[in-house]
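As a plain string of letters, each chain reads:
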Amino acid sequence: MELLIKSSSFFRPSTFLVTSRASRLPIPQRARARFLTRAADKTPGSDDSVAKYGSARVRFAPSPTGNLHVGGARTALFNYLFARSTGGKFILRIEDTDLERSTKESEEVVLRDLAWLGLSWDEGPDKGGSFGPYRQSERTTLYKEYAEKLLNSGHAYRCFCSNELDKMREEAKSKQLPPVYTGKWVSATDEEIQEELLKGTPFTYRFRVPKEGTLKINDLIRGEVSWGLDTLGDFVIMRSNGQPVYNFCVAVDDASMGISHVIRAEEHLPNTLRQALIYKALGFSMPSFAHVSLILAPDRSKLSKRHGATSVGQFREMGFLPEAMVNYLALLGWNDGTEEEYFTMEQLFSKFSIDRITKSAAIFDVVKLRWMNGQHLRSLPADKLTNMLGEHWKNNGILSESEGPFVNELAELLKDGIDLVSDSTQALENLLSYPLKSTLASPEGKSVLNDNLSEVVESILSAYDNGELQNALDNGSPGWQKWVKSFGKALKRKGKGLFMPLRVLLTGKLHGPDMGTTILLLHKAGNSGIITSRANFLTLEERIHVLRGLDCKSILEETVVDSSSVADVKVISH
């Protein structure tokens, strides 16, 4: 017997009757109508996807046993984008058959993180729908009905084995073969079965796997995938405690919920064999399968906690934006065929296609994610970004106020150097700091010292004492530019010879944002009254006081001595 099972892109009308040799269990008429009728609302969708795949019904089915891993979030996103691109439905189903590990708290965390990402489901445990309930723990009656169908049709049998199972596993292991059930209950007589039932012996339901043949699917990402049926033994679908097994639940749920496409991680590919056999035995039509590559760490090992944050909740707490997470996750195994990397959710709706999902593993790069977050952060409306930064600065004790013209100018000046809102703390502290002496003592500062820096210091002090510098700063950018031009002309300096010493002496640093804007803001900072003592900020007046005591010659001599000492050490070390 050879089973050539190919996945289909649509459920045909006849597939709404779940058939077997024994009986037929029709899917409820209301559910059937809901599945057949395309949503009346104008959901964004790609015309190409709609034409090729129809109005899809897809699902994301997390197990509530922990946090939402970025791999699971990527799977959810791909399902969501495919549903929206085809004008279809995105279903959330909770797979909580692992009663010992599943918790309500974990379910709430998963739902919260999906909502934070902006993935809105059309049906689910909190929204209901015609195909509910949407928790596997609430669907036990349905699983038992289908298990009985398989039993009655001969596709399953009761297995009363216990001790001999371990023996079979050990024997298979010694022969380096997959564990295959070879016990007596595969062909037990009715009398033997009744005898055990009367004794109250616990039993499982085992699915009867054909002993020969091949099962094939056409995966939308991986192409044709096949399995030899002789590699799989009869497997359990219902445990002795009455609880259904994962693969059985998934097959029944996907079919009874009208799922047209199963998009999931490639680690589930081996499960497809068991699920496909259950589909066939119950008369279900196969959905289309698309198995997405794994997400790996930069060292190409499986992404785990040892690589840092791995859950959506952790990245949310670190300050990443949901828009950036969605954009980055979409690019882990998908692209639109161009060099473009920045996408909004709306753009992804129109561009996403399963055809563009790659087979190769995706590498999770936090550095790239930070960059992506910076792109989305700077794309926010100016008032929203300013509010976020202002609140952060106030909450961190640098500013006493979170809004106002001064805060607006700070945000505008610093935003280009910030990838996360949390970066803005260091950015503002750097802006307000005045590490003049350490800057001049640095190797790079030596060239500034050697360029007759004392001449510039004397001229700045003179301009301050006669009020020219303050007047220039009070008149904003035009006043500053006019003064700088006059200042350079008087000293016969221009370009780097003019701007570098000015930057160093007034900001204390060799590099930073635009010099003029920075110095104007520092002047305003001294008059704003909202800089707290935590910032250790020096006003313009206090910086001038430092310059009065600056001995450029001594600093230069110290740097020469330090350089000589380093050179001596290097010679000795050789």
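Up top you'll find the structure we're talking about.
Owing to the predicted nature of the structure, the values given are computational and were not obtained by experimental measurement. (Residues numbered from 1 in each chain as written. Predicted model: local features only at pLDDT ≥ 70, side-chain atom pairs only at ≥ 80, totals over all residues. Heavy atoms only, no water.)

## Focus on the sheet that holds strand S9 (residues 235-238)
Alright, step 1. Across the sheet, 3 strands lie side by side as S5-S6-S9; this open sheet has antiparallel pairing. Of all the strands in the sheet, the pair left with one neighbour each is strand S5 (156-159) and S9. Shown here is a sheet whose adjacent strand axes are inclined to one another by a mean of 45 degrees, direction ignored. (Pairing = 2+ DSSP bridges. Helix = DSSP H or I, 4+ residues; strand = E, 2+ residues; numbered from the N terminus. Axes fitted to C-alpha atoms, helices over the stretch in contact; angles between N-to-C directions.)

## Looking at the packing of aromatic side chains
Alright, step 1. With the rule as written, the count across this model stands at 16 aromatic pairs.
Alright, step 2. Here the aromatic rings of Phe315 and Phe364 are separated by 5.6 Å at their centres, their planes lie at 45 degrees, and the arrangement is tilted. Here the residue Phe315 occupies a position in helix H10 (residues 312-317), and Phe364 occupies one in the loop between strand S13 (362-363) and helix H13 (366-378), the gap between them amounting to 49 residues.
Alright, step 3. Overall, the relative accessible area of 1% leaves Phe315 in the buried class.
Alright, step 4. Each member of the aromatic cluster is reached from another via a ring pair, and the members are Phe78, Trp334, Phe343 and Phe352.
Alright, step 5. Positioned over the ring face of Phe131 is Arg57, at 4.0 Å from the centre of the ring.
Alright, step 6. Note that Lys127 overlies the ring of Trp121, its terminal NZ or CZ placed 5.7 Å from the centroid. (Phe/Tyr/Trp six-rings, centres within 6.5 Å; stacked < 30°, edge-to-face > 60°. Buried < 20%, exposed > 50% of the residue type's maximum accessible area, 1.4 Å probe, protein only. Lys NZ or Arg CZ within 6 Å of the ring centre and 35° of its normal.)

## What to know about the environment of Val252
Alright, step 1. Within the secondary structure, Val252 is located in helix H8 (residues 246-256).
Alright, step 2. In this structure the C-alpha to C-alpha distance between Val252 and Leu282, which are 30 residues apart in sequence, comes to 8.9 Å.

## Re the side chain of Arg543
Alright, step 1. Position of Arg543 among the secondary structure elements: in helix H24 (residues 540-548).
Alright, step 2. Despite being buried, Arg543 has no salt bridge partner; Glu542 is the closest side chain of opposite charge, sitting 6.9 Å away.
Alright, step 3. Among the polar contacts listed, one links the side chain of Arg543 to the backbone oxygen of Leu538, at a separation of 2.8 Å.
Alright, step 4. Contact partners of Arg543, with chain neighbours within four places excluded, come to Leu432, Ser433, Tyr434, Leu506, Thr507, Leu522, Phe537 and Leu538. (Lys, Arg positive; Asp, Glu negative; His and termini not counted. Salt bridge = Lys/Arg side-chain N within 4 Å of Asp/Glu carboxyl O. Polar contact = N/O pair within 3.5 Å; in protein donor to acceptor, adjacent residues only side chain to side chain. Contact = heavy atoms within 4.5 Å.)

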